[in-house]
Amino acid sequence: MVSLHEIPLTTLDGGAATLSELSDGATLVVNVASKCGLTPQYTALEKLARDYAARGLTVVGVPCNQFMGQEPGTAEEIQSFCSSTYGVTFPLLAKTDVNGANRHPLYAELTKAADAEGTAGDVQWNFEKFLIGPDGTVVNRFRPQTEPDAPEVLSAIEAVLPR
């Protein structure tokens, strides 16, 4: 089995990467969309990325157009929207399928993790969050309605970062 850290990824600008190249500590992987009711979560995601970067957290956004076509843009449009509207500085991957027959290998592994209620399986909607520890294991899964700055998310992040 390939480690989550070594699964080949494509960045929004078309480059090749892995999670280990994007993050040297804990990683919060979030499927994102520009035209969703939850899109304002970008604000809290960027704050997490900035506030916890020095302690080893990297937020990685994964644009996905599988939920009612809410990420229709090109890579350039997505990048422009994220940076100009929300000041996003964290890494973004290329548009990716998170469910279904063409599910990316990263999400094939991530969706094996259960949420707080013990439910694994398909991503429910945009802005589902997976916290990956520095060792490459999924330590928490948060459903879309859980805000990035919710107490349970912050506690989980604190638990996997060095003091």
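Keep in mind that what you see is a predicted model, and the values were worked out from it rather than measured.

A few points about the environment of histidine 104
- Mapped onto the elements, histidine 104 comes out in the loop between helix 3 (75-86) and helix 4 (105-110).
- Residues histidine 104 and leucine 9 lie 95 residues apart in sequence; the distance between their C-alpha atoms is 8.9 Å.
- Once residues lying within four places of it in the same chain are set aside, the contact partners of histidine 104 are Ile7, Pro8, Leu9, Thr96 and Asp97.
- For histidine 104, the side chain forms a polar contact with the main-chain nitrogen of leucine 106, separated by 2.9 Å.

Topic: the nonpolar core
- Leu28, Leu45, Leu57, Val59, Phe90 and Ile157 are the most contacted members of the largest nonpolar core, which totals 29 residues.
- With five residues, helix 2 (residues 41-52) is the single largest residue contributor to this core.
- Residues within four places of leucine 57 in sequence aside, it is in contact with Ala26, Thr27, Leu28, Leu48, Ala49, Tyr52, Leu131, Ile157 and Leu161.
- The next biggest cluster of nonpolar side chains, apart from the first, holds 17 residues, and it includes Ile7, Leu9, Leu19 and Val60.

Description of the UniProt feature "active site" (unreviewed entry) in the protein chain
- The UniProt feature table records "active site" (unreviewed entry) at Cys36.
- As for its placement among the helices and strands, cysteine 36 is situated in the loop between strand 3 (26-32) and helix 2.
- Contact partners of cysteine 36, with chain neighbours within four places excluded, come to Gln70, Trp125 and Asn126.

Thresholds applied
- Residues numbered from 1 in each chain as written.
- Predicted model: local features only at pLDDT ≥ 70, side-chain atom pairs only at ≥ 80, totals over all residues.
- Heavy atoms only, no water.
- Helix = DSSP H or I, 4+ residues; strand = E, 2+ residues; numbered from the N terminus.
- Contact = heavy atoms within 4.5 Å.
- Polar contact = N/O pair within 3.5 Å; in protein donor to acceptor, adjacent residues only side chain to side chain.
- Core = buried A, V, L, I, M, F, W, Y, C linked by side-chain atoms within 4.5 Å.
- Buried < 20%, exposed > 50% of the residue type's maximum accessible area, 1.4 Å probe, protein only.
- UniProt positions renumbered as here; feature names shortened; annotations may be inferred.

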